[in-house]
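Fold and geometry: a report
Okay, here's what each chain looks like letter by letter:
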Amino acid sequence: MKQPPLDSVSTGSDHTLLDRTFRVSLLLKGLNGVLELVGGLALLLVGPGQLHAIATALTHRELMEDPGDFLANALVRLASRLDLSTQLFAAIYLLVHGVVKVVLVLAVLRDRLWAYPWLIATLIAFIGYQTFELFRSFGWGLLLLTAFDIFIVVLTFREYGLHKQRVEVPDTGPDPSP
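Residues numbered from 1 in each chain as written. Predicted model: local features only at pLDDT ≥ 70, side-chain atom pairs only at ≥ 80, totals over all residues. Heavy atoms only, no water.

For the pair helix H1 (residues 17-45) and helix H6 (residues 140-168), interaxial distance at closest approach is 10 Å and the crossing angle is 130 degrees. As the angle between them shows, H1 and H6 are arranged oblique. In terms of crossing hand, the pair formed by H1 and H6 is left-handed. Here Leu-18, Asp-19, Thr-21, Phe-22, Ser-25, Leu-28 and Lys-29 of H1 lie close against H6, whose contacting residues are Leu-145, Phe-148, Asp-149, Phe-151, Ile-152, Leu-155, Thr-156, Arg-158 and Glu-159. (Axes fitted to C-alpha atoms, helices over the stretch in contact; angles between N-to-C directions. Helix = DSSP H or I, 4+ residues; strand = E, 2+ residues; numbered from the N terminus. Parallel < 35°, antiparallel > 145°, perpendicular 65-115°, else oblique. Left-handed = near helix turned anticlockwise from the far one by under 90°. Contact = heavy atoms within 4.5 Å.)

Okay, the packing of aromatic side chains next. Scanning the model with the defined rule gives four aromatic pairs in all. An angle of 25 degrees between the planes, with centres 6.1 Å apart, marks the rings of Phe-89 and Tyr-93 as stacked. With Phe-89 and Tyr-93 both in helix H4 (residues 84-109) and four residues apart, this pair spans about one turn of that helix. Looking at Phe-89, the relative accessible area reads 54%, which means it is exposed. Overall, the relative accessible area of 28% leaves Tyr-93 in the partly exposed class. Note on Tyr-93 and Tyr-129: the rings are 5.9 Å apart at their centroids and 45 degrees apart in plane angle, and the pair reads as tilted. Here Tyr-93 is found in helix H4, whereas its partner Tyr-129 is found in helix H5 (residues 115-136), with 36 residues between them in sequence. (Phe/Tyr/Trp six-rings, centres within 6.5 Å; stacked < 30°, edge-to-face > 60°. Buried < 20%, exposed > 50% of the residue type's maximum accessible area, 1.4 Å probe, protein only.)

Structure, rendered in structure tokens:
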């Protein structure tokens, strides 16, 4: 018995498994955008000295138990090297990144045809920058984020094609011409 392709597996409604995966992935990308907005605002409202104090307070207990803890030490080092210009750049980057993601995700979720190519292009630009950063300074988190973005681009491209087909399908009713 031949299995249907993954994108045609019904989940009990009009939506396929890939349609639902696309929606969930978009929601996660939108949530990521909201978190970036919150992070960007926080960076604008808190000074470098305060960030260092917060990082030290958050990691103090862990460093008492395990002075070699990689994540806690990395957080304290990062906070201690942060200056005002770097913090401002990070805040602006997060705010712009977050706004773009949230606006495009909402537009795609509302089936705005114009938003699909914009989301694809924006994510490809982010993927390019993230790939550059991966070669500069590898990090598993950035690698996973980049892989997730690639996954969303593939699904968005697929959904855009399906959406265009639905919009471009001519009416197959009777021909009114004599």
